[in-house]
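Structural characterization, general
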Amino acid sequence: MIEHHFTVDVEEYFQVSAFEPWVPRDRWPAMESRVSSSVEQLLALLAQYDARGTFFVLGWVAERFPELVRSIAGAGHEIASHGWDHVRITHQLPEEFRVSVAKSRRLLEDLTGAPVCGFRAPSFSLVPGCEWALDILLEEGYTYDSSLFPIRRPGYGYPSAQRDPHWIHRPTGMIAEVPPTTLSRCGINLPAAGGAYFRIFPYRLVQAGLRQAERRGTSGTFYIHPWELDPGQPRLTVPVRTRIRHYTGLNRVVARLHRMLAEFRFRSIAQTLVTLPQPVPAGQ
Ligand SMILES: [Zn+2]
């Protein structure tokens, strides 16, 4: 039976990229924190179904809630990095990106005593033109990335990327890529990996994406954020489009997670990478 990847981008409700113009970083420390209780809820859910996952934790969150990181790892889940303070790669210089991934990795490893090998870019911002980030990840000790979303969307997506876990050759070495799940319909890749698509569209979108991955004999990758389980989060004053995307369907998420966890098996990305066949080097 195929096991899929259950992944969580561990960040506060006010740290999403769409809120950036309305909640500048210098206001973050004064905002009400909600992340811990939602993560605890996710841990209980995963335990109920004996599922494991990968938690991409923001360095900013780990620094404030070290016990939260330890309890995720203590429950048998993989800890990976979501960068330091949610700046998108498209808004970073290479050296700023390097500091973010190096500093967050060091902190997460210090907290758990275990190696951190995975990274997911804030808002899947590893887009065409930002491939240098893969080289920096390799140089900073990462072995996989989960940021190349093979879809075409304003602001993000890497349309030419492969849909299933694979290796990418870079000048600095080989890095594994574990893309979020897409659903192929009439030759078009639709995002079917989680997040807003899980909340706003019918459950069968993500269900079909995971089933399609199974038919290809591979693991799909689902993602969710702690704030998506929190209908009680403070409502921020943002434009209507952002409001719809962020707040629609928060009430359905827990029931849908129960359904998905009952229907599919989940493990961490690290568990898959152990078995991901390495490509034969050119010339052999
Ligand atoms: Zn994020």
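Structure: above.
Residues numbered from 1 in each chain as written. Predicted model: local features only at pLDDT ≥ 70, side-chain atom pairs only at ≥ 80, totals over all residues. Heavy atoms only, no water.

Quick word on the packing of aromatic side chains
Scanning all chains against the criterion turns up 18 aromatic pairs. Considering the side-chain rings of phenylalanine 198 and tyrosine 203, the 6.5 Å spacing of their centres and the 65° angle between planes classify their relative orientation as edge-to-face. Summarising the burial analysis for this pair, phenylalanine 198 and tyrosine 203 share the class buried. Here the aromatic rings of phenylalanine 198 and phenylalanine 222 are separated by 4.9 Å at their centres, their planes lie at 75°, and the arrangement is edge-to-face. (Phe/Tyr/Trp six-rings, centres within 6.5 Å; stacked < 30°, edge-to-face > 60°. Buried < 20%, exposed > 50% of the residue type's maximum accessible area, 1.4 Å probe, protein only.)

With respect to unusual backbone geometry
Its identity is not glycine, yet aspartate 50 carries a phi of approximately 55°, on the positive side. With respect to the helices and strands, the residue aspartate 50 is situated in the loop between helix H1 (35-48) and strand S2 (54-57). Judged by relative accessible area, aspartate 50 falls into the partly exposed class, the value being 47%. At phenylalanine 124, a residue that is not glycine, the phi angle is positive and equals roughly 50°. (Helix = DSSP H or I, 4+ residues; strand = E, 2+ residues; numbered from the N terminus.)

Let's talk about the pattern of salt bridges
Tallied over the full model, the rule gives 19 salt bridges. A salt bridge links aspartate 135 to arginine 170; the nearest nitrogen and oxygen atoms lie 2.7 Å apart. In this pair, aspartate 135 sits in helix H5 (residues 132-139) while arginine 170 sits in strand S6 (residues 166-170), placing the two residues 35 residues apart along the sequence. Its relative accessible area of 12% is what places aspartate 135 among the buried residues. You can call arginine 170 partly exposed: its relative accessible area is 24%. Linking aspartate 164 and arginine 216 is a salt bridge whose minimum nitrogen-to-oxygen distance equals 2.7 Å. Here the residue aspartate 164 occupies a position in the loop between strand S5 (144-145) and S6, and arginine 216 occupies one in the loop between helix H7 (204-215) and strand S10 (221-224), the gap between them amounting to 52 residues. Residue classification places arginine 216 among the partly exposed positions, given a relative accessible area of 34%. (Salt bridge = Lys/Arg side-chain N within 4 Å of Asp/Glu carboxyl O.)

Overview of the coordination of the zinc ion
In ideal tetrahedral geometry, four donors around a metal make angles of 109.5 degrees, whereas ideal octahedral geometry with six donors gives angles of 90 or 180 degrees. For the zinc ion, the full set of protein donor atoms is Glu11 (OE), His82 (NE2) and His86 (NE2), at a range of 2.0 to 2.1 Å. The sequence pattern formed by the donor residues of the zinc ion is E-x70-H-x3-H. Remark: histidine 82 occurs in the loop between strand S3 (78-81) and helix H4 (94-112) and glutamate 11 occurs in the loop between strand S1 (3-10) and H1; sequence separation between them is 71 residues. Here glutamate 11 and histidine 82 have matching classes, each one buried. (Donors = N, O, S within 2.8 Å, 3.2 Å for Na, K, Ca; no water.)

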